[in-house]
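# Coordinate inspection notes
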Amino acid sequence: MEWRDAEQYRFCADLDLAGWAWQFLRRNAEYRADYTWFIATWRALEADYGAPPQRDFFRWKQDPRAWRDEAEIADCGAETCPGENDQVLIECWMGAKWGFRQFPPDPALSQPEGLAWREQAVSVESLGPDDIHVLQHSTGKIPAGKIALGFDLALPLGPQLEAARLRLISARHALAKSGCLPAGSLRAGAPVWSKWLPLLDALAQDVPLEEIACVLDLADPAASQEAAERMVAGGYRRILLLEA
């Protein structure tokens, strides 16, 4: 895309949360590589055994090309489809790895039809001293939007959880008031994300960051680049948890 042409990004005004998540995922180089492998394999299987729904699924399932090792996606935190012998069908492997339920969408498609994401789990991290050190390594502070609280597991949890709830509410209010809280809704996020897409496209074309910042009017180019690249690397799943 011509990243300087705002008209080419006009479609962003109509994106919902699912559409925004897709825009970042389709710019992920690893996803594009996985899709290239997947679709070539799928078409080869169709050539040999027919296309759904007429395919010979019994013979299809006997072909090793139709399967991937479940251990490859063990750390994805996603429920996988039932498999056989610790393997899953390649379409289920793609869905579990990247977070969608449908047939893997072609990253060349800006707005694929019927885009369906898996439900994203909400988790609470357990942080030890080393983990907190990692969080602080770049700025000396825990990133905006995150907070580390300590609990004494030898004491009753009820009062501690209530105290933590009040602390979280207070911290969230303070960050929101200062303008440092990451977007928590589609309405708040869209104006920021609409700048990140051309930023990512320009970086993919090896355009200097200084030039990109001038064209897109980025107040903090390095921070914008880091945030946009985090969204591509997996942060797109967070979008699916936000308020529509």
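If you're wondering where the values come from, they're calculated on a predicted model, not measured in any experiment.

## Topic: the nonpolar core
In this structure, W20, F24, W193 and I212 are the most contacted members of the largest nonpolar core, which totals 54 residues. If you tally residues by element for this core, the top one is helix α7 (residues 186-204), at nine residues. In this view, W20 contacts C12, L15, L186, A190, W193, S194, L197 and I239; residues no more than four positions away in its chain are not counted.

## Brief notes about helix α4 (residues 90-98)
Taking burial as the measure, the nine residues of α4 include nine buried ones, the bulk of the element. Listed as buried for α4 are I90, E91, C92, W93, M94, G95, A96, K97 and W98. Looking at the buried side of α4, the elements it contacts are α1 (17-25), α2 (29-49), β1 (67-69), β2 (87-89) and α9 (221-239). Positive phi appears at G99, one or two residues downstream of α4, with a value of about 100°.

## Side note on the pattern of salt bridges
Throughout the structure, instances matching the rule amount to eleven salt bridges. We note a salt bridge from E30 to K97, for which the minimum N-O separation is 2.8 Å. With E30 in helix α2 and K97 in helix α4, this pair connects stretches of sequence that are 67 residues apart. By relative accessible area, E30 is classed as partly exposed at 44%.

## Considering the confidence of the model for the chain
Confidence in the prediction of the chain, expressed as mean pLDDT, is 88, and 88% of residues score 70 or more. For the chain, per-element mean pLDDT is lowest for helix α5 (residues 129-136), which scores 54, and highest for α2, which scores 98. Scored below 50 in pLDDT, residues 134-138 shows seven contacts in the model against residues more than four places distant or in partner chains.

## Here we look at α9
Compared with an ideal rise of 1.5 Å per residue, which puts 19 residues at 27 Å, α9 spans 21 Å between its outermost C-alpha atoms and falls more than 12% short. Within the sequence span of α9, burial applies to S224, A227, A228, M231, V232, G235, Y236 and I239. Contacts made by the buried residues of α9 are with α1, α4 and α7.

## Topic: the packing of α1 against α9
At a closest axis distance of 8 Å, the pairing of α1 and α9 adopts a crossing angle of 150°. Overall, the two elements α1 and α9 adopt an arrangement that is roughly antiparallel. Judged by the sense of rotation from one axis to the other, the crossing of α1 with α9 is left-handed. Between α1, through L17, W20, A21, F24 and L25, and α9, the contact on the second element is made entirely by A228, M231, V232, Y236 and I239. Of the residues in the contact of α1 with α9, the class split is ten nonpolar, no polar and no charged.

## Focus: the packing of aromatic side chains
Throughout the structure, instances matching the rule amount to 14 aromatic pairs. For the pair Y31 and W98, a centre-to-centre distance of 5.4 Å together with 80° between the ring planes defines the contact as edge-to-face. A residue pair is termed long-range when its members are at least 10 positions apart, and Y31 in helix α2 and W98 in helix α4 qualify at 67 residues. W98 shares its class with Y31; the two are buried. A ring pair is formed by F100 and W117, whose centres lie 6.3 Å apart and whose planes are at 65°; its orientation type is edge-to-face. Here W117 lies in the loop between α4 and α5 and F100 lies in the loop between α4 and α5, a separation of 17 residues in the sequence. Side by side, F100 and W117 carry an identical accessibility label, which is buried. Taken together, W22, Y31, W98, F100, W117 and Y236 form an aromatic cluster joined through their ring pairs. In this structure, R68 is placed above the aromatic ring of W37, and the distance from its NZ or CZ to the ring centre is 4.5 Å. Sitting above the plane of the W93 ring, R68 keeps its charged end 4.0 Å from the centroid.

## A look at the packing of α7 against helix α8 (residues 209-216)
Between α7 and α8, the least distance of the axes is 10 Å, while the angle of their chain directions is 150°. Classed by the angle they form, the pair α7 and α8 counts as roughly antiparallel. Helix-helix and strand crossings are classified by hand; for α7 and α8 the assignment is right-handed. Facing K195, P198, L199, A202 and L203 of α7, the residues of α8 in contact are L209, I212 and L216. Grouping the amino acids of the contact of α7 with α8 by side-chain chemistry returns seven nonpolar, no polar and one charged.

Cut-offs applied
Residues numbered from 1 in each chain as written. Predicted model: local features only at pLDDT ≥ 70, side-chain atom pairs only at ≥ 80, totals over all residues. Heavy atoms only, no water. Core = buried A, V, L, I, M, F, W, Y, C linked by side-chain atoms within 4.5 Å. Buried < 20%, exposed > 50% of the residue type's maximum accessible area, 1.4 Å probe, protein only. Helix = DSSP H or I, 4+ residues; strand = E, 2+ residues; numbered from the N terminus. Contact = heavy atoms within 4.5 Å. Salt bridge = Lys/Arg side-chain N within 4 Å of Asp/Glu carboxyl O. pLDDT = per-residue confidence, 0-100. Expected span 1.5 Å × (residues − 1). Axes fitted to C-alpha atoms, helices over the stretch in contact; angles between N-to-C directions. Parallel < 35°, antiparallel > 145°, perpendicular 65-115°, else oblique. Left-handed = near helix turned anticlockwise from the far one by under 90°. Nonpolar A, V, L, I, M, F, W, Y, C, P; charged D, E, K, R; others polar. Phe/Tyr/Trp six-rings, centres within 6.5 Å; stacked < 30°, edge-to-face > 60°. Lys NZ or Arg CZ within 6 Å of the ring centre and 35° of its normal.

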